[in-house]
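# Topology and contacts: notes
Okay, here's what each chain looks like letter by letter:
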Amino acid sequence: MFHQLYYFVLLILPICIRAQEKPIALIGTIILPDKSIDNGTVLIFDRYIKAVGTKISIPNDAIIVHINGVILPGLIDVHNHLTWNIFPRWKPLEEFGSRYDWQKKAIYRTLLQSPHKALTDAGLSCEMQRYAEVKAITQGVTSLIGSLKNPCNRGLARNLDDDSTLGQILYDVFPLLMSDMKLKEVNEVLSSNGTLLIHLAEGSPNDATAAMEFLMLKARGLLRPGVSLIHGVALKQNDFRDMANASVGFIWSPHSNLALYGDTANLEAALESRVVTAIAPDWSPTGSDGLLSELNYATTWNGGLEYSLFDDHLLLDMATINPAKLVHLEKRLGALKEGYLADVLVLQFNSDHNKFNPYWTATHSTPEDVLLVLIDGKAVYGNPQLMTQLVESKNLESLDICGVEKSISFASQNTSQTSFRQTEKLLNNALRHFGQTLAPLSYCGK
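Not measured: the values here are computed from a predicted model.

### A few points about the pairing of strand β10 (residues 227-231)
The element β10 is extensively covered by neighbouring structure, given that 5 of its 5 residues are classed as buried. Summarising the sheet, strand β9 (residues 195-200) and β10 pair through 5 bridges and their orientation is parallel. Residue pairing across strands places Ile 198 opposite Leu 229, the latter belonging to β10. Traced from β9 through helix α6 (residues 208-219) to β10, the parallel crossover comes out right-handed. Note that β10 and strand β11 (residues 249-252) share 3 bridges and pair parallel. Within β11, the position partnered with Leu 229 by the bridge is Phe 250. The handedness of the β10 to β11 crossover, carried by helix α7 (residues 237-245), is right-handed.

### Observations concerning the environment of Tyr 171
Tracing the sequence through the fold places Tyr 171 in strand β8 (residues 169-172). The residues touching Tyr 171, leaving out its near neighbours within four places in the chain, are Val 78, His 79, Asn 80, His 81, Ile 145, Gly 146, Asp 161, Leu 197, His 199 and Ile 230. Within the structure, the side chain of Tyr 171 is placed 2.8 Å from the backbone oxygen of Asn 80, a separation counted as a polar contact.

### Brief notes about the packing of aromatic side chains
In total, this model carries 13 aromatic pairs according to the counting rule given. When the centroid spacing of 5.7 Å and the interplanar angle of 5° are considered together, the rings of Tyr 131 and Phe 420 count as stacked. Here the residue Tyr 131 occupies a position in helix α4 (residues 125-137), and Phe 420 occupies one in helix α15 (residues 420-432), the gap between them amounting to 289 residues. On the basis of relative accessibility, which here comes to 1%, the residue Tyr 131 falls in the buried class. Ring plane angle 70° and centroid distance 6.1 Å describe the contact between Trp 252 and Phe 310, whose orientation is recorded as edge-to-face. Taken together, the residues Trp 252 in strand β11 and Phe 310 in the loop between α10 (291-303) and α11 (312-317) connect sequence positions 58 residues apart. For Trp 252, a relative accessible area of 0% puts it in the buried group. Residue class for Phe 310 comes out buried when judged on its relative accessible area of 9%. A cation sits over an aromatic face here: Arg 130 above Phe 410, 4.1 Å from the ring centre.

### Brief notes about the state of the cysteines
Tallied over the entire structure, the rule returns 1 disulfide. The disulfide partner of Cys 402 is Cys 444, and the gap between their sulfur atoms is 2.0 Å. Judged by the torsion about the S-S bond (-95°), the Cys 402/Cys 444 disulfide is left-handed. Note that Cys 402 is positioned in the loop between β16 (396-401) and β17 (404-409) and Cys 444 in the segment after α15, a separation of 42 residues in sequence. Note on Cys 402: relative accessible area 24%, which makes it partly exposed.

Reading the values: rules and limits
Residues numbered from 1 in each chain as written. Predicted model: local features only at pLDDT ≥ 70, side-chain atom pairs only at ≥ 80, totals over all residues. Heavy atoms only, no water. Buried < 20%, exposed > 50% of the residue type's maximum accessible area, 1.4 Å probe, protein only. Helix = DSSP H or I, 4+ residues; strand = E, 2+ residues; numbered from the N terminus. Pairing = 2+ DSSP bridges. Right-handed = clockwise from strand over helix to strand, strands pointing away. Contact = heavy atoms within 4.5 Å. Polar contact = N/O pair within 3.5 Å; in protein donor to acceptor, adjacent residues only side chain to side chain. Phe/Tyr/Trp six-rings, centres within 6.5 Å; stacked < 30°, edge-to-face > 60°. Lys NZ or Arg CZ within 6 Å of the ring centre and 35° of its normal. Disulfide = S-S within 2.5 Å.

See below:
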């Protein structure tokens with residue numbers, strides 16, 4: 001018996017050794033919560049950030065990756081509708097008063113609602129989400145909300161609203177339709193330090209129906225800590241003050257707001273009232289392809305104002321630490337700090353100008369500029385020359401992002417999957433039956 005056990009240990013020992021992951025040391029310009037540093041090191045091991053700074057002791061067995069770019073926290077998308085992101089961009093020919101208006105339009109039902117229902121009824125939901133998660137990751141997103149309550153895609157992006165280890169996070173598109181029983185459950189979650197993200201006051205700034213929703217929300221007792229309001233285009237200055245007094249957060253989606261309603265929320269009032277504010281792309285049919293593109297859009301919008309409302313540092317906070325605060329994860333995500341989960345984004349410098357301002361790089365980069373994305377300490381996506389240092393080549397698939405080759409790994413997924421090319425082909429063939437084609441991962445500025 002002893003001899004049998006001895007040989008068994010010898011057999012599995014090489015497997016165990018291979019399974020042990022080496023530390024990763026990323027060296028370059030690092031964006032910290034309160035400043036940026038040059039020639040800094042982020043040391044990662046076993047899912048977590050072990051150390052950050054300029055004088056870090058690097059283990060002898062660490063994989064050292066030198067970065068000619070910016071190392072920053074992975075972006076956090078707290079407002080999306082993932083399975084809809086397979087559809088091409090919808091460009092409405094009119095501005096709507098509220099979301100109830102465009103949802104009644106025949107063009108919306110024809111281009112989006114009907115084919116979406118058909119594909120989900122055909123059992124393609126997992127493929128739709130898989131495509132959307134890859135799309136988000138190519139835009140620097142490591143955590144997101146708006147996923148399926150289904151284990152089929154767990155292990156790729158961090159699905160915040162489908163991961164009980166990160167707390168209770170509820171996401172509701174129509175909060176005013178909650179039954180009394182559902183409302184009771186929601187209040188119990190909020191009383192237990194959970195969070196509720198809700199779509200509210202979505203419409204033009206002067207739409208009475210959209211504005212009335214805020215009063216209805218207050219009447220239902222949901223203006224309370226743990227709640228964050230999404231869109232809020234019809235919210236007034238006093239509404240934002242009430243939100244601040246009640247510790248209610250705000251999630252801003254300017255691209256989709258302007259496309260559908262011709263205007264966006266009163267961000268100035270939100271910031272003046274010190275409401276914790278995040279930015280998110282909504283969905284790609286009328287919003288941005290992903291969070292990097294939404295940051296681009298926001299900087300352009302801000303530049304068109306008579307007086308800028310924010311700088312690049314504040315805008316980056318709206319995509320990192322602020323959304324983490326809204327879901328009570330600011331001590332685990334949203335910053336590069338010792339003990340935090342190792343969700344990391346690396347962006348290349350694309351001009352001499354932005355080498356002196358890493359925050360400009362973070363808010364003006366395009367999907368082509370993404371060098372590396374790590375989720376839970378594992379390299380998931382990036383440039384091939386970096387990915388092959390961190391992932392076995394056999395586990396990599398090639399993607400084309402605006403003419404630039406990228407590599408993605410699905411090795412971290414909990415379930416077996418077909419290749420991504422097969423997923424693309426399956427979805428494109430299904431969409432063709434409805435006169436549609438699969439949306440690209442990026443529109444490349446078009």
